[in-house]
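# Results of the structural survey
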Amino acid sequence: MSRFDGPFAFRPALRAGARFSREAKDRPILTFESVFKSYRSGSPVLRGVHLTIERGEFVFVTGPSGAGKSTLLRLLYRSETVDDGRILFLGKDVARLKDDAIPFLRRNIGVVFQDFKLVPAWSVYENVAVALEVLSLPTRLVRTRVGEALERVGLSGRGDDLAGVLSGGEQQRVAIARAIVGEPALILADEPTGNLDPQLAIDILGLFEEIHEGGTTVVFATHDRTLLEVRPRRVVVLDEGKALDVPQGIAIDSDDHYRLPN
Ligand SMILES: Nc1ncnc2c1ncn2[C@@H]1O[C@H](COP(=O)(O)OP(=O)(O)OP(=O)(O)O)[C@@H](O)[C@H]1O
Ligand SMILES: [Mg+2]
């Protein structure tokens, strides 16, 4: 038994929320409460971020370079720790999880990065299957899951190819398959289209939207104005250490200024 919940040997236990506290299903999936973070004294990056994200939402996070978008995401999957405040994810305070609980946190969060972070010498299959290693599933089940994930990202039949020979767009699809194969409750994407040309960027956004339609909560950090404008969605703007919530989405004018609705 894990510290969070019961055994996790079969599919239902891989589903969103099953491994954290049971009451969590009635609360927002994610809440930032007065979160502060600085890397150097005297120049705080986050200065009291408050933010609530409900289960099943798709939220863009934007803001100028250096505003703390990546920091916000890193705090959430505990690659950094907060200086002060709480980050409640599925009912647990991420900031205070003991180190040995972090694998359980990461099972519930899939992360996609700008630079894909694949192992180029591994096959596509191996790059995706690695995310299931922590679950110690039978090989047959791993094969089925990886096959399904590759199908969802449009890469059926590419499992044997070396990741390093794929195009950028294909590599990002592999990274997305790796993020979703464990059926996490939450997907975090940090500038996932930053290395892709504009049409590919829109295709990849579409893929995240399909994943979202399947019920997964998505937090998507980007400063790509085309993506922000392509659909009106909730946007969280990080600026000067605070999070400004814009439920109906934003427009960006030609000077790169955000135009917020009145
Ligand atoms: N490990 C670190 N050590 C010191 N300073 C850091 C570290 N990581 C980030 N910073 C600083 O914190 C600030 C916020 O960085 P962060 O990467 O979160 O911004 P961002 O909004 O993601 O920017 P971008 O749009 O360029 O990706 C920046 O000033 C950055 O230099
Ligand atoms: Mg960043």
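The paragraphs below set out a description of the structure included in this document. Everything numeric here is computed off the predicted structure, so don't read it as measured data.

### A closer look at unusual backbone geometry
- Its identity as a non-glycine residue notwithstanding, L90 has a phi of 50 degrees, on the positive side.
- Checked against the element boundaries, L90 lands in the loop between β4 (84–89) and β5 (92–93).
- For L90, a count of 25 C-beta atoms within 10 Å translates into the label buried.
- Phi at E183 is positive, roughly 50 degrees, even though this residue is not glycine.
- Note that E183 resides in the loop between α6 (168–180) and β7 (186–190).

### What about the sheet that holds strand β8 (residues 217–221)?
- On the basis of which strands lie adjacent, the open sheet formed by six strands has the order β6-β7-β8-β3-β9-β10 and mixed pairing. Of all strands in the sheet, those bounded by a partner on one side alone are β6 (109–113) and β10 (242–246). Across the sheet, the mean angle from the axis of one strand to that of its neighbour is 20 degrees, orientation sign disregarded.
- Inspection of the sheet shows β6 paired to β7 by five bridges, in the parallel sense. Bridge pairing in β7 links I109 to L186.
- In the packing of helix α2 (residues 69–76) onto the sheet, contacts are made with β3 (58–62), β7, β8 and β9 (235–239), and the angle to β7 comes to roughly 150 degrees.
- Each of β3, β7 and β8 is contacted by helix α7 (residues 198–213), which is oriented at about 155 degrees to β8, the strand it contacts most.

Basis of the calculations
- Here the residue numbers are simple positions, counted from 1 along each chain's written sequence.
- Think of it this way: whatever chain is written first is A, whatever ligand is written first is 1, and the rest follow in order.
- Note on the predicted model: pLDDT of at least 70 is required for a residue's local features to be given, and 80 or more for side-chain atom pairs to be given and counted; whole-chain, interface and lining totals, by contrast, use all residues.
- Runs of E in the DSSP output that reach at least two residues are strands. Runs of H or I that reach at least four are helices, and both are numbered from the N terminus.
- The exposure label follows from counting other C-beta atoms within 10 Å of a residue's C-beta, where the C-beta atoms are placed from the backbone and the thresholds are 20 or more for buried and 12 or fewer for exposed, leaving partly exposed in between.
- In this scheme, strands are said to pair when DSSP sees at least two bridges between them.
- Working convention: axes come from line fits to C-alpha atoms, limited for helices to the stretch in contact. Angles between N-to-C directions cover 0 to 180 degrees.
- What counts as a contact is two residues whose backbone-derived C-beta atoms lie within 7 Å of each other.

Remember, this is a structural readout, not a statement about activity or role.
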